Amino acid sequence: MNGGLVRLREILDDITPSERKVAEFVLSHPHRMLEMSVAQLAAESGGSQAAIIRLCKSMGVKGYPELKLKVAGDLNQTEERYEYREIRPNDSIDRIIHTVSANNIQSIRDTVTILDADTVRKAVEALSRAHRTYFYGLGASNLIAQDAQHKFLRINKTSYSFTDPHLELTSAVMLNEDDVAVGISYSGETDHVIECLKEARLCGAKTISITKYGNNSVSSHADYPLYTSSTENEIRSGAMSSRMTQLNVIDILYLGVASREYDKSVGYLEKSRDIIRRMTGR
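All figures in this text were calculated on a predicted structure; none of them were measured in a lab.

Draft legend 1. Broad picture of the overall build of the protein. Within the protein, the secondary structure is distributed over 14 helices and five strands. A compact globule built from 282 residues would reach a C-alpha radius of gyration of about 19 Å, and the protein, at 21 Å, matches this within 12%. For the protein, the spread of C-alpha atoms along the principal axes amounts to about 65 × 50 × 35 Å. Counting all 282 residues of the protein, 46% fall into the buried class.

Draft legend 2. Helix 14 (residues 262-280), seen in detail. Taking 1.5 Å of rise per residue, the 19 residues of helix 14 would be expected to cover 27 Å, and the 27 Å separating its terminal C-alpha atoms lies within 8% of that figure. Looking at the buried residues of helix 14, the elements they touch are helix 9 (140-154) and helix 13 (240-260). Count one or two residues on from helix 14 and you reach G281, which has phi positive near 75°.

Draft legend 3. Highlighting the pairing of strand 3 (residues 179-184). Burial analysis of strand 3 places six of its six residues in the buried class, which makes it a mostly covered element. With burial as the criterion, each face of strand 3 is covered, one bearing D179, A181 and G183 and the other bearing V180, V182 and I184. Pairing of strand 1 (residues 132-136) with strand 3 involves five bridges; the strand directions are parallel. Paired with T133 across the strands is V180, a residue of strand 3. Sheet topology places strand 3 next to strand 4 (residues 206-212); five bridges connect them, and they run parallel.

Draft legend 4. Geometry of the sheet that holds strand 1. Pairing is parallel across the open sheet formed by five strands, whose spatial order is 2-1-3-4-5. Since the sheet does not close on itself, it has two edges, and those belong to strand 2 (159-161) and strand 5 (224-228), each with one partner. The average undirected angle you get between the axes of adjacent strands in this sheet is 15°. Alignment of strand 4 against strand 5, held across five bridges, turns out to be parallel. If you follow I210 over to strand 5, its bridge partner there is L226. Sheet strands in contact with helix 8 (residues 117-129) are strand 1, strand 3, strand 4 and strand 5, and its direction is about 120° off that of strand 5.

Draft legend 5. A nonpolar patch on the surface, seen in detail. The grouping of I275, I276 and M279 at the surface amounts to a nonpolar patch, some 320 Å² of accessible area in total. Inspection of the secondary structure assignment puts M279 in helix 14.

Draft legend 6. Region of interest: the environment of L138. In this fold, L138 is placed in the loop between strand 1 and helix 9. We classify L138 as partly exposed; its relative accessible area is 28%. Sequence-wise, L138 and R243 are 105 residues apart; in three dimensions their C-alpha atoms are separated by 12 Å. Residues contacting L138, with those up to four places away along its chain left out, are P165, E168, T190, H192 and V193.

Draft legend 7. Summary view of helix 10 (residues 165-172). Every buried residue of helix 10 is listed here: E168, S171 and A172. The buried residues of helix 10 all sit within an arc of 100° when viewed along its axis, so they share a single face. Close packing links the buried residues of helix 10 with strand 1, helix 9 and helix 11 (191-202). Among the residues of helix 10, the N-terminal cap falls to D164, whose side-chain oxygen and the backbone nitrogen of H166 are separated by 2.8 Å.

Draft legend 8. Fine view of the packing of helix 2 (residues 17-28) against helix 4 (residues 38-45). At their nearest, the axes of helix 2 and helix 4 sit 9 Å apart, and the two run at 95° to each other. As the angle between them shows, helix 2 and helix 4 are arranged roughly perpendicular. On helix 4, the residues that touch K21, V22, F25 and V26 of helix 2 are L41, E44 and S45.

Draft legend 9. Fine view of the side chain of D179. You can see D179 is positioned in strand 3. A polar side-chain atom of D179 sits 2.9 Å from the main-chain amide nitrogen of N176. Setting aside chain neighbours within four positions, we find D179 in contact with H131, R132, A205 and K206.

Draft legend 10. The arrangement of the side chain of R7 in detail. Secondary-structure assignment places R7 in helix 1 (residues 4-11). Of the buried charged residues, R7 lacks a salt bridge, with E66 as the closest side chain of opposite charge at 5.8 Å. With residues near it in sequence (within four places) discarded, R7 still touches M59, G60, V61, K70, T113, I114 and Y213.

Conventions used here
- Residues numbered from 1 in each chain as written.
- Predicted model: local features only at pLDDT ≥ 70, side-chain atom pairs only at ≥ 80, totals over all residues.
- Heavy atoms only, no water.
- Helix = DSSP H or I, 4+ residues; strand = E, 2+ residues; numbered from the N terminus.
- Rg over C-alpha atoms; globule rule 2.2 N^0.38 Å.
- Buried < 20%, exposed > 50% of the residue type's maximum accessible area, 1.4 Å probe, protein only.
- Expected span 1.5 Å × (residues − 1).
- Contact = heavy atoms within 4.5 Å.
- Pairing = 2+ DSSP bridges.
- Axes fitted to C-alpha atoms, helices over the stretch in contact; angles between N-to-C directions.
- Patch = residues over 30% accessible without salt bridge, like charges linked within 9 Å, V, L, I, M, F, W, Y side chains within 5 Å.
- Areas by Shrake-Rupley, 256 points an atom, 1.4 Å probe, with all protein chains shown as cover.
- Salt bridge = Lys/Arg side-chain N within 4 Å of Asp/Glu carboxyl O.
- Arc of directions from axis to C-beta.
- Polar contact = N/O pair within 3.5 Å; in protein donor to acceptor, adjacent residues only side chain to side chain.
- Parallel < 35°, antiparallel > 145°, perpendicular 65-115°, else oblique.
- Lys, Arg positive; Asp, Glu negative; His and termini not counted.

In short, the description is geometric, and any link to function would need to be established separately.
Put into structure tokens, the structure is as follows:
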């Protein structure tokens, strides 16, 4: 059981000032926190016992004992956590190669610690049963939606993604209880994606969200909220490591569905490879 420190880092900007005092203390002194009671942590951090309880709720843990277990799990990991690095003016190509790759790797590692396996399993089951699956996202997240459509079509799962936001909204109100809608938004506050999941749910469709960790509007409309972590700080123009974690979650869902129907999926993949090979000669 781990992921406590990752969850704290992810929600820092979305919690109250009193909760933030506690969170920042835990992030700075995780070993000391493990030896403290709720009252001691409140006194040392400058927060309050009530703030600690609220912080646990904001993190999605059942209480202070579970928070301590998750932080202890983080500290027991043998791999040292890599801290995100910004690209600087006139960086060497060697440094850029290492920095970008290390940032992406750490984001995926952090995402693994906050993905709930039971929620992933339920999402895979819903996708496996779906007659149609719609992937919704804008900007960089729309590229993830297109990638998801491509993957699921290759195992004969009827799937859609749209580059036109109006088509996204139009399709969302046409869904029914046999369909699944997947909303992709790192911030969790993309208006069109929020509306798509909201309308899809009203139509009876199952809904899945892929967002950053914490409370957000997109995940509030999801039956199965899935969360990612990203090491990005100031540079967001390329949505680099957040894109990699979203792709990683899509791959997990895709392979989860393919594994449930392994023989059929292999047959469909062979068919798609054959037709492309005949057309391209490769």
